[in-house]
Amino acid sequence: SSPAASTAMVTARLRPLYLAVFLWNVSLWVPIEKLFETDIGFDAASIGVLAALYAAVVPLLEVPSGVLADRWSRRSVLVIAVVALAVSALIGGSSTNVATYTVSALFLGVFFALQSGTTEAMVYDTLLEEIGSSDAFERTIGKVRMIESIALVTSALAGGVVAEVAPLRLTYFLTVPFLADGVDDVIALP
């Protein structure tokens, strides 16, 4: 088939992934996270400990999650990842103390560990299946990164607006419906 037809097929196959990536990067709580943390009892030291715990979860789970994605199902691993992100947002928004919010951050680490390599592998596999090579990988994964960036910037601005007129914790809860839609889009992946 022609290069244009191949590109169209790749785009069509990856469209649900592009939409899911956008939705799971809608994080209305991002601009207010540190304000919220201080409201529920964090100080500079506990924020540092939280960051260290979160940072430790990601590398501990990345290799096992990659093996799981290869042996079980990339799509299923992504569903679990987005569910972990939704749990993180729900626990985060419900938190009233440092310990509970720390659990939220650990679920966020699970999300990042599960989705990071899995997304790239899905893009790579799709390119191999549709065009027979990975020559377009950098351009295609660049498109994924652009979609992530647009969602993060847009939702951070929207989250700031929400936080101006509503309680800070509402930004966490308003994020969850986007994640639920993101799970639907992951399930729709071929």
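Residues numbered from 1 in each chain as written. Predicted model: local features only at pLDDT ≥ 70, side-chain atom pairs only at ≥ 80, totals over all residues. Heavy atoms only, no water.

Novice: Run through the packing of aromatic side chains, naming residues and quoting values.
Specialist: Each aromatic ring pair is characterised by the separation of its centres together with the angle its planes make. Counted according to the given criterion, the structure contains nine aromatic pairs. Ring geometry for Tyr124 versus Phe137: centroids 6.0 Å apart, planes at 70 degrees, classification edge-to-face. Highlighted residues: Tyr124 in helix H5 (residues 98-131) and Phe137 in helix H6 (residues 137-165), separated in sequence by 13 residues. Residue class for Tyr124 comes out partly exposed when judged on its relative accessible area of 35%. Feature note: the residues Trp29, Phe36, Phe42, Tyr101 and Tyr172 constitute an aromatic cluster, connected by ring pairs. (Phe/Tyr/Trp six-rings, centres within 6.5 Å; stacked < 30°, edge-to-face > 60°. Helix = DSSP H or I, 4+ residues; strand = E, 2+ residues; numbered from the N terminus. Buried < 20%, exposed > 50% of the residue type's maximum accessible area, 1.4 Å probe, protein only.)

Novice: So what about the side chain of Ser73? Which residues, and what values?
Specialist: One can find Ser73 in the loop between helix H3 (44-71) and helix H4 (74-94). Within the local environment of Ser73, its side chain forms a polar contact with the backbone nitrogen of Arg75, the two atoms lying 3.4 Å apart. Looking at Ser73, its side chain comes within polar contact range of the main-chain nitrogen of Ser76, at 3.1 Å. (Polar contact = N/O pair within 3.5 Å; in protein donor to acceptor, adjacent residues only side chain to side chain.)

Novice: Give a detailed account of the nonpolar core, specifying residues and quantitative values.
Specialist: Counting residues in hydrophobic clusters, the biggest one holds 43 residues, and the most contacted among them are Leu17, Trp24 and Val186. Only helix H1 (3-24), H3, H4, H5, H6 and helix H7 (170-187) provide two or more residues apiece to this core. Val186 has contacts with Ala20, Trp24, Arg75, Leu78, Val79 and Val82, leaving out every residue within four places of it along the chain. (Core = buried A, V, L, I, M, F, W, Y, C linked by side-chain atoms within 4.5 Å. Contact = heavy atoms within 4.5 Å.)

Novice: Got a sec to walk through the packing of H1 against H7? Specific residues and values, please.
Specialist: Two quantities define a packed helix pair, namely the angle between the helix axes and the distance between the axes. Taken N-terminus to C-terminus, the directions of H1 and H7 make an angle of 160 degrees; their axes are 8 Å apart at the nearest point. Accordingly, the angle class assigned to the pair H1 and H7 is roughly antiparallel. Every pair of crossing elements has a handedness; the one defined by H1 and H7 is left-handed. On H7, the residues that touch Pro16, Leu19, Ala20, Leu23 and Trp24 of H1 are Phe178, Leu179, Asp181, Gly182, Asp185 and Val186. Residues that form the contact of H1 with H7 fall into these classes: eight nonpolar, one polar and two charged. (Axes fitted to C-alpha atoms, helices over the stretch in contact; angles between N-to-C directions. Parallel < 35°, antiparallel > 145°, perpendicular 65-115°, else oblique. Left-handed = near helix turned anticlockwise from the far one by under 90°. Nonpolar A, V, L, I, M, F, W, Y, C, P; charged D, E, K, R; others polar.)

Novice: Report on the side chain of Gln115, specifying residues and quantitative values.
Specialist: Here Gln115 shows up in helix H5. The exposure class of Gln115 is buried, given its relative accessible area of 9%. If sequence neighbours within four positions are ignored, Gln115 has contacts with Trp24, Leu78, Ala81 and Glu120.

Novice: Any details on a nonpolar patch on the surface? Residues and values, ideally.
Specialist: A cluster of nonpolar side chains, namely Leu90, Leu170, Phe173 and Leu174, defines an oily patch on the protein surface of about 280 Å² accessible area. Here the element with the most residues in the nonpolar patch is H7; it accounts for three residues. Within the secondary structure, Phe173 sits in helix H7. Judged by its relative accessible area of 31%, Phe173 is partly exposed. (Patch = residues over 30% accessible without salt bridge, like charges linked within 9 Å, V, L, I, M, F, W, Y side chains within 5 Å. Areas by Shrake-Rupley, 256 points an atom, 1.4 Å probe, with all protein chains shown as cover. Salt bridge = Lys/Arg side-chain N within 4 Å of Asp/Glu carboxyl O.)

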